[in-house]
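Chains, contacts and geometry: an overview
Residues per chain, in single letters:
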Amino acid sequence: MDQHDSTFGVQLFIYDLSRGMARQLSPIMLGKQLDGIWHTSIVIYGEEFFYGGAGISSCPPGGTMLGPPDTVVELGSTEVTEEIFMDYLSSLGETTYSGDKYRLFEHNCNTFTNEVAQFLTGNKIPSYITDLPSEVLSTPFGQVLRPILDSIHIAPPGGNVISSQNNHS
């Protein structure tokens, strides 16, 4: 099979970690409307890839404790092979996206999916997701909560951590 003729669909899975509570409580707590607290992942080659406090992980699509995504966005397609992608993820997992580098506001699952989406398709993820941290931090209550929120490391259970020692097959 000629791999140059093969393209692979790339999807963005979007989850609301607040399960609708952000929509209800944000006007009271932050003085502005937030539609959700977003966790995102990339789905390609029949696997879901995400970043959290444990590093880069993968699982079958919808296979974390979060269950099925709230929204699926088609990001486009790529000619990047699975082997090249897994090498890329292993490299990211050893450097930029190791678990100890996770920061809820500056370096999180959405930062990861935005970078991976651009690598695979040239497209960014929706800005309402990447702008969420600055939206929260621009409020007085967000500034008060920041020290507490900075200590949170989100790692949805149910995934397998990707590293060069545990390379996905």
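Structure shown above.
Residues numbered from 1 in each chain as written. Predicted model: local features only at pLDDT ≥ 70, side-chain atom pairs only at ≥ 80, totals over all residues. Heavy atoms only, no water.

**Topic: the overall build of the protein**
Rules: Going along the chain from the N terminus, every DSSP run of H or I of four or more residues is numbered as a helix, and every run of E of two or more is numbered as a strand. The classification of residues rests on relative accessible area computed with a 1.4 Å probe and restricted to protein chains. Under 20% of the type maximum is buried, over 50% is exposed, and intermediate values are partly exposed. Residues count as neighbours in contact if any of their non-hydrogen atoms are within 4.5 Å of one another. Here the open area of atoms and residues is found with the Shrake-Rupley method and a 1.4 Å probe, where only the protein chains shown may cover a residue.
The number of helices and strands found in the protein is six helices and six strands. Reading the secondary structure of the protein in the N-to-C direction produces β-α-β-β-β-β-α-α-α-α-α-β. Residues counted as buried form 44% of the 169 residues belonging to the protein. The contacts of the protein with a sequence gap of at least 6 include a subset with a gap of at least 24, amounting to 75%. When the accessible surface of the protein is totalled, it reaches about 8,500 Å², and 55% of it is carbon and sulfur.

**Focus on a nonpolar patch on the surface**
Our working rule: Each patch is built from residues lacking any salt bridge and having more than 30% relative accessible area; the joining distance is 9 Å for like charges and 5 Å for nonpolar side chains (Val, Leu, Ile, Met, Phe, Trp, Tyr). The working definition used for a salt bridge is a side-chain nitrogen of Lys or Arg within 4 Å of a carboxyl oxygen of Asp or Glu.
Taken together, the side chains of Met21, Leu25, Ile28, Met29, Phe141 and Val144 present a nonpolar region at the surface, about 560 Å² in accessible area. Where the nonpolar patch is concerned, the elements lending two or more residues are helix H1 (21-29) and helix H6 (140-150). It is H1 that contributes the most residues to the nonpolar patch, four residues altogether. The exposed category is assigned to Val144, whose relative accessible area is 57%.

**A short note on the packing of helix H2 (residues 82-94) against helix H3 (residues 109-121)**
In plain terms, the rule: Lines are fitted to the C-alpha atoms to define the axes, a helix being fitted only along its stretch in contact, and any angle between axes, read from their N-to-C directions, falls within 0 to 180 degrees. By convention the crossing between two helices is left-handed if the near helix lies anticlockwise of the far one by an angle smaller than a right angle, and right-handed if it lies clockwise. The residue classification treats Ala, Val, Leu, Ile, Met, Phe, Trp, Tyr, Cys and Pro as nonpolar and Asp, Glu, Lys and Arg as charged. All others, Gly included, are polar.
H3 packs onto H2 with a crossing angle of 145 degrees between their chain directions and a minimal axis gap of 12 Å. Helix-helix and strand crossings are classified by hand; for H2 and H3 the assignment is right-handed. Residue-level contacts link Phe85, Tyr88, Leu89 and Leu92 of H2 to Phe112, Glu115, Val116, Phe119 and Leu120 of H3. Partitioning the contact of H2 with H3 into residue classes produces eight nonpolar, no polar and one charged.

**Observations regarding the packing of aromatic side chains**
Quick note on the threshold: Only rings of Phe, Tyr and Trp enter the pairing, Trp through its six-membered ring, and a pair is recorded when the two centres are within 6.5 Å. The plane angle decides the type: under 30 degrees is stacked, over 60 is edge-to-face, the rest tilted.
Applying the stated rule across the entire model yields eleven aromatic pairs. With 6.4 Å between their ring centres and 35 degrees between their planes, Phe85 and Tyr88 make a pair best called tilted. On the criterion of helical spacing, the pair formed by Phe85 and Tyr88 is a turn pair, its members being three residues apart in helix H2. One aromatic cluster is present, formed by Phe8, Tyr45, Phe49, Phe85, Tyr88 and Phe119 through successive ring pairs.

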